[in-house]
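So the chains spell out like this:
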Amino acid sequence: MSVYLACLYAENFRIFGAVPQKDGDKDASLSLDFGPATNVLVGENDSGKTAIIDAIRLCLLTTAADFYRITRDDFHVGPDGRAGTFKITCGFKDLTTAEQAVFLELLTTDDEGNVALYVTVKAELMDPLRPHRVAVTTRTGRDGQGPALDGAARELLKATYLRPLRDAEAELRSGRGSRLSQILAGYPAMREQGEDDFDEESGSASTLVGILRRAERHISDNKAVKTARDDINTGYLQKGVVTLLGVVLSDGVPGRGGVGFRLCAHGAVGRPAVPVICSQIAKRTVISAR
């Protein structure tokens, strides 16, 4: 058996409140144990299921390209108002000998000799009037008093986050950093598709990048595109010492649809507004590629 996420603790994070401060106080914090196999969370709406998943995301980070930003709304609101801090701890158990060697300086050993790895995130609301002013620290240890989690260890502990089904359609849309682009980038058959094998003499291309280069060439040679480019250059842009160099597919950004024009300014000293105006015109001069 290998290492697994065995427990999760959260204090003052969203729906979950604080631990008891004195006898008789209710424990409103989260203390959850997981098994080494599949774990299923079942509960009514607003019962904290999403908060549990997001707590794990914040503590471990994910392999996805998206970034979760802590805001004021992540701090628990209780009878005494909004909390100024929250703490999340993820605990890993059943580390193999090899895994213990990797995280040796970060491990915690209890009185019975059991070894575990705890990752604790502490967040503090710096300015209540600015929801994004939050100080965050990530350290090891059950109470977050251990060594800081370095880059290599953090990379090894990153989780794979699967978004809810209600977000599936948006995640599979094209775009830089989208889930679809990440899936395709990690697919073995796609690894060689980033090579530009377009041969201008023969017009042959087999990789995706090569095919896009060939398409750019054909679009640039299109009669309508050439006429529009020449008219814009001679009729307006050259008067503003700006040249419309040609057309580009997706502006060099994978996953972005559309064909746009690229501008270049020449000697625009004394007329700084002209390239800006022309750039705005070019941004609106788009041929749909869908």
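The coordinates are above.
Visitor: Please clarify how the state of the cysteines should be interpreted in this entry.
Guide: By definition, a disulfide is the covalent link that joins the sulfur atoms of two cysteine residues. Taken as a whole, this structure holds zero disulfides when the rule is applied. Cysteine cysteine 7 shares no disulfide, and the gap to the nearest cysteine sulfur, in cysteine 90, comes to 7.9 Å.

Visitor: Just checking my understanding: could you explain the packing of aromatic side chains for this structure?
Guide: Each aromatic ring pair is summarised here by two numbers: the centre-to-centre distance and the angle between the ring planes. Taken as a whole and judged by the stated rule, the model has two aromatic pairs. Judged by centre distance (4.9 Å) and plane angle (55°), the rings of phenylalanine 75 and phenylalanine 86 are tilted. Linking phenylalanine 75 in the loop between helix H1 (49-60) and strand E3 (77-78) with phenylalanine 86 in strand E5 (residues 85-93), this pair joins segments that are eleven residues apart in sequence. For phenylalanine 75, a relative accessible area of 1% translates into the label buried. The buried category is assigned to phenylalanine 86, whose relative accessible area is 2%. Among the aromatic residues, those joined into a ring-pair cluster are Phe13, Phe75 and Phe86. Taking the ring centre of tyrosine 161 as reference, the NZ or CZ of arginine 57 above it sits at 4.1 Å.

Visitor: Would you take a moment to explain the nonpolar core for this structure?
Guide: Across soluble globular proteins, nonpolar side chains have a tendency to be buried as a group. The biggest cluster of nonpolar side chains holds 32 residues, and the ones touching the most others in it are Leu8, Phe13, Phe86, Ile88, Phe103 and Leu117. When residues in this core are grouped by element, the largest group, seven residues, is from H1.

Visitor: Please clarify how helix H7 (residues 223-235) should be interpreted in this entry.
Guide: Taking 1.5 Å of rise per residue, 13 residues should cover 18 Å, and H7 covers 18 Å from first to last C-alpha, within 8% of that figure. Turning to H7, its buried residues are Val225, Arg229 and Asn233. The arc enclosing the buried residues of H7, seen along the axis, measures out at 60°, which places them on a common side. Of the exposed residues in H7, the ones pointing more than 90 degrees away from its buried face are Lys223, Ala224, Asp231 and Thr234. Taking the backbone nitrogen of alanine 224 as reference, a side-chain oxygen 2.9 Å away marks asparagine 222 as the first, capping residue of H7.

Visitor: What is the right way to read unusual backbone geometry from this model?
Guide: Comment: phi is negative for the bulk of residues other than glycine, and the bulk of peptide bonds are trans. Despite not being glycine, arginine 14 shows a phi value in the positive range, around 55°. Assignment of secondary structure puts arginine 14 in the loop between strand E1 (4-11) and strand E2 (30-33). Despite not being glycine, aspartate 46 shows a phi value in the positive range, around 65°.

Visitor: So what exactly am I meant to see when it comes to the pattern of salt bridges here?
Guide: One side chain can pair with another of opposite charge once the charged atoms of both are near each other. Tallied over the full model, the rule gives eleven salt bridges. Salt-bridge contacts for arginine 213 lead to aspartate 196; the nearest nitrogen and oxygen are separated by 2.4 Å. Residue arginine 213 is located in helix H6 (residues 208-220), and its partner aspartate 196 is located in the loop between helix H5 (179-186) and H6; the two are separated by 17 residues in the primary sequence. Note on arginine 213: relative accessible area 30%, which makes it partly exposed. Each of the salt bridges in this network shares a partner with another, and the network as a whole consists of Asp196, Glu200, Arg213, Arg217 and Asp221.

Quick notes on the rules
- Residues numbered from 1 in each chain as written.
- Predicted model: local features only at pLDDT ≥ 70, side-chain atom pairs only at ≥ 80, totals over all residues.
- Heavy atoms only, no water.
- Disulfide = S-S within 2.5 Å.
- Phe/Tyr/Trp six-rings, centres within 6.5 Å; stacked < 30°, edge-to-face > 60°.
- Helix = DSSP H or I, 4+ residues; strand = E, 2+ residues; numbered from the N terminus.
- Buried < 20%, exposed > 50% of the residue type's maximum accessible area, 1.4 Å probe, protein only.
- Lys NZ or Arg CZ within 6 Å of the ring centre and 35° of its normal.
- Core = buried A, V, L, I, M, F, W, Y, C linked by side-chain atoms within 4.5 Å.
- Expected span 1.5 Å × (residues − 1).
- Arc of directions from axis to C-beta.
- Polar contact = N/O pair within 3.5 Å; in protein donor to acceptor, adjacent residues only side chain to side chain.
- Salt bridge = Lys/Arg side-chain N within 4 Å of Asp/Glu carboxyl O.

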